[in-house]
Amino acid sequence: PMDAAKTRPRQNSTMANSTMATPAFSLTFGEEHKHPLTITRSDIHFEAIPSQRLCLITLRLTVVNDAIAQDIEGALRFPLPDSDATICGFQLGEDTAVSLPKTKAAEVAYKEREKGRAVATAASVQGAVYETTLFPLKYNEPKELTLTCFTALKGQADGTLALTLPLTFALPVPHVTIRANALDGALTIKAAGALPQTGAAAAEARLAAATLPGGVTLRAVLAAGAPQVVSAASGERLYFTGCVSKEEIDAALASRAGTPRGAPPGTGCGAPHVGLFVDCSLSAAGRAQHALALLDALDAAHGKLGGGCVYTLWSFSRVATRRTARGASLAETKAALAALRYDGGTDLRLLDSLIAEAASADEHGPACSAAVLISDALDNLKAAPKLTGPGSAELPVHVALPPEACNANLSVLRWIARQLGSACAPLSEPDELAALVSGATAQVLLTRLQTDQSDDVAAFEDDAFQTCPDFRLSHVAVPTDADGSLRVSGVSALGEGARDAPTALGLTVSRGGLRANIELAIPPPPAALESPGPLGRLLQVKHTLLTLRELRATFWDPKQVEVLATAAACDAGIASEHSSLLLLSLPEQFCDNEIACPPDHPAHARWLALSAERAKTEAEREEAEAKHAKLHGLVKQLVGRYKEMSDAAVPGWGKPVNRGGRGTEEAMMLGGGGGRRGSAARGVMRSCAMPAASAASPLMACMMEGGFDDAPPPALPRAALAAASAEEVFDDECDLPGSLASALCPPPPALPPGSSAPRPAACMASSTPPS
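Treat the numbers as computed from the prediction; the structure is a model and nothing was measured.

Trainee: I'm lost on the pattern of salt bridges in this one. Help?
Mentor: Under the criterion given, the structure shown has 27 salt bridges. A salt bridge links Asp592 to Arg117; the nearest nitrogen and oxygen atoms lie 3.2 Å apart. Of the two residues, Asp592 is situated in helix 12 (residues 587-592) and Arg117 in the loop between helix 2 (102-115) and strand 9 (119-126); the sequence distance between them amounts to 475 residues. A residue is classified by how much of its surface remains accessible, and Asp592, at 34% relative accessible area, is partly exposed. Look at the salt bridges and you will find they share partners, linking Glu112, Arg117, Asp592 and Arg614 into a network.

Spelled out as structure tokens, the structure:
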């Protein structure tokens, strides 16, 4: 079959032959030689919301393995419209993929492959190209592959919105169908071979034997009076998203053009007053000249706008100190800055008190209208300021990023700028930073998002009610997108017992010294609980992507960002830098890896039954495992002890007990219940107990006195030996605690101190001295 795949003429495949290079889009089999797989049908569906510049693309391909007479694994390489697009769905036949953390998805895929079970993952290859595997593809059995992609509509020079799907087949596909629906606009499909269209809310094109050279382009024209906010339901959640165009923002700010530029908050002074927070720790010593250059750039930028500028300098390391009077001149500030001594470490928590002091006027001078932070954020204690104290919501603190060659904690610096509603710019580019501080650069920021429930305590504490950016924050700094528009989103609970959904949004935007408020109404969702459709999925993915962007900007700790972003991506079911799509087919695969089976998966019912069965027997299984572990440990311990005893060398093994050959069987039997101990000088038998009947015998008396001399022991009749042995056994039984014999035989009387037991008469008469 492999040779046939190489030589056989192919039709309706993604490649002309195996020697061609793999195109941007390909569906192939094999690693060394890419054998193309046949595509018999292609359905492409666009679900667009022109007012929000959003589109959901669903691609369905009917593929057939008609070359390899076995179950094979195919590889799909799919290019997305741009690098911001996201894969948010993958399905093979009726099997639906689930989203898991990247690490766990890789582990499960490896284990399932080792077990020989079907598994597939979707992952990013490079930039806007994704690649996934398809298994199993049975011989001559059509299989339907479904891939869902989230992307954005881009503004064009003629005022329309458009996107291009770079999908091109190497050989003609017999049936190609392209459909498109728009919620609030007119659409036009452009593809090679498609008939010209006039533009409508729904468009369709049917092609035969098409290769789609140049891909498929979708153009949209925004309908007049289209809503700025759209809402839809997905499951038991209501999602809403809003988009404010650049033209609408400019109109809102133009109405506030009469506001005096640079007026400090809470003061009547019209001169711009810039505060400088300079880190004078030892690690910041190399940036003194950059700070002096920034002062010159600030003075020049304000001079171009027709006014002067005054300054106040604070320094901080382990303590914070004001170095100049409030509202000092440029010369005085530069002199104080040049005289700073750089030493010690950095305590970023002092920034809270510096902001509070700079944002308030006192007897020494007016409050600051803006501030600049010059620091590397290398805190010795790895701490960060709270940025929730007085002045943090009013005073914009711009952050001067250290040069690239310098060691700095850039995550913390960007987080500070994000929290304080300001911008970041390199300290090595003083003119760019000065233009941001003075307002000469027209940077538009969303500084606050409010809802009609912002003052409701229950809404504030409701975890199911979330917005992006967070409506609970009193001040944010969200820059506009590349097209100059601002995008916000949110989610709230639906169903019985849920709170009422919000009905209005309030956006506060700023550009330099201008501020404006924009009110947006949230329309009710269309048939929210009956038929969510792809619209709810589209808004869910959009809210998730905005949440991921918000997490990277609002948390300075990368580990915390990783945890929260992974949870958000897996909950939304998307493939991102934190998550992967994993495709399983059997209920055992879900149970073995502790993965929840999606409700729309064909194995969902069997997974529920198998999970209930395993939960019922889990206690028995744990008890059996514990018993097995205990027995295994005990037996293993006994085996070790037995091996140790069997391998150990016994002292004196194979030698006579008395070593010298002295002593007889009779002497051993007269041991009296004790042991047998050898003497270095001569072999002897000693007894720790002695039968009462034998105490007076000459033999026992000699043994108690030290054993035999060189003369052999006297011979005794067999009857005497038997009687001595019986008395020895009785004596041993008397020694056992709790026995009747021990109770009937009281212990011998205690002796006075210094006295000894009387010696037998036979021993007294012996000439041998006692041992």
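Trainee: Whenever I open this one, unusual backbone geometry confuses me. Can you help?
Mentor: Trans is the common state for peptide bonds, and a negative phi is the common state for residues other than glycine. Cis rather than trans, the peptide bond between Cys468 and Pro469 has omega equal to 5 degrees. Along the polypeptide, Pro469 turns up in the loop between strand 27 (466-468) and strand 28 (478-479). Its identity is not glycine, yet Ala377 carries a phi of approximately 60 degrees, on the positive side. Within the secondary structure, Ala377 is located in the loop between strand 23 (370-374) and strand 24 (397-401). The class of Ala377 is buried, set by a relative accessible area of 2%. One non-glycine residue, Leu387, adopts positive backbone phi at about 60 degrees. Classification of Leu387 by relative accessible area gives buried; the value is 8%.

Trainee: Explain the pairing of strand 21 (residues 310-316) to me, please; I cannot follow it from the model alone.
Mentor: In regular strands, side chains alternate between the two faces of the sheet. Extensive coverage of strand 21 is indicated by the burial of six of its seven residues. In the sheet, strand 20 (residues 273-279) pairs with strand 21 via seven bridges, with the strands oriented parallel. Within strand 21, the position partnered with His273 by the bridge is Val310. In this fold, strand 20 hands off to helix 4 (residues 288-304), which returns the chain to strand 21; that crossover is right-handed. Where strand 21 lies against strand 22 (residues 320-322), three bridges are found, and the strand directions are antiparallel. Counted as the bridge partner of Ser315 is Thr321 from strand 22. Between strand 21 and strand 22, which pair antiparallel and follow one another directly, the connecting turn spans three residues.

Here is what the cut-offs are and how they apply
- Residues numbered from 1 in each chain as written.
- Predicted model: local features only at pLDDT ≥ 70, side-chain atom pairs only at ≥ 80, totals over all residues.
- Heavy atoms only, no water.
- Salt bridge = Lys/Arg side-chain N within 4 Å of Asp/Glu carboxyl O.
- Helix = DSSP H or I, 4+ residues; strand = E, 2+ residues; numbered from the N terminus.
- Buried < 20%, exposed > 50% of the residue type's maximum accessible area, 1.4 Å probe, protein only.
- Pairing = 2+ DSSP bridges.
- Right-handed = clockwise from strand over helix to strand, strands pointing away.

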